[in-house]
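Residue-level structural notes
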Amino acid sequence: FEVILTGTETITDEADVMISPNPFHDWFEIKLPASLSSRNVMYEFRNMQGQLLLSGKTSGQSSVMVAPKQTARGIYFLQLFEETSSYYHVMKLVAE
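Residues numbered from 1 in each chain as written. Predicted model: local features only at pLDDT ≥ 70, side-chain atom pairs only at ≥ 80, totals over all residues. Heavy atoms only, no water.

1. Quick notes on the packing of aromatic side chains
Taken as a whole, this structure holds 4 aromatic pairs when the rule is applied. Ring centres of phenylalanine 45 and tyrosine 76 lie 5.0 Å apart, and the angle between their planes is 15°; this geometry places the pair in the stacked category. Of this pair, phenylalanine 45 sits in strand E3 (residues 42–46) while tyrosine 76 sits in strand E6 (residues 74–81), and the two are 31 residues apart along the sequence. With respect to burial, phenylalanine 45 and tyrosine 76 carry one shared label: buried. By the ring-pair criterion, three or more aromatic residues cluster together here, those being Phe24, Phe28, Phe45 and Tyr76. (Phe/Tyr/Trp six-rings, centres within 6.5 Å; stacked < 30°, edge-to-face > 60°. Helix = DSSP H or I, 4+ residues; strand = E, 2+ residues; numbered from the N terminus. Buried < 20%, exposed > 50% of the residue type's maximum accessible area, 1.4 Å probe, protein only.)

2. Describing the sheet that holds strand E4 (residues 52–57)
The 4 strands lie next to each other as E4-E3-E6-E7, forming an open sheet whose pairing is antiparallel. With partners counted over all chains shown, the strands left at the sheet margins are E4 and strand E7 (88–95), one partner each. Each strand of the sheet is rotated relative to its neighbour by a mean of 20°, with strand direction disregarded. Where E3 and E4 come together, 5 bridges link them in antiparallel fashion. (Pairing = 2+ DSSP bridges. Axes fitted to C-alpha atoms, helices over the stretch in contact; angles between N-to-C directions.)

It is worth stressing that arrangement in space is one thing and function is another; only the former is reported here.
As structure tokens, then:
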């Protein structure tokens, strides 16, 4: 997995990205702050070994429902990034 960051744009409220519920069972929701809600933010759902289990993009929406299939109990990572800016954020999720 390789991410190449270009540009100088800074997103100031990336900590305002919300994932709920966390821990999750069958689904979770990504809620983006206003600075990202009109952008095409990509997301990748990965297990502890770094294997990509699910990916998608927000397509300019402020929230997206994600329903990974057959997720075993454990810890996972959600990577959020935008290809046209320097935005990159990783969050830990717990599946119950």
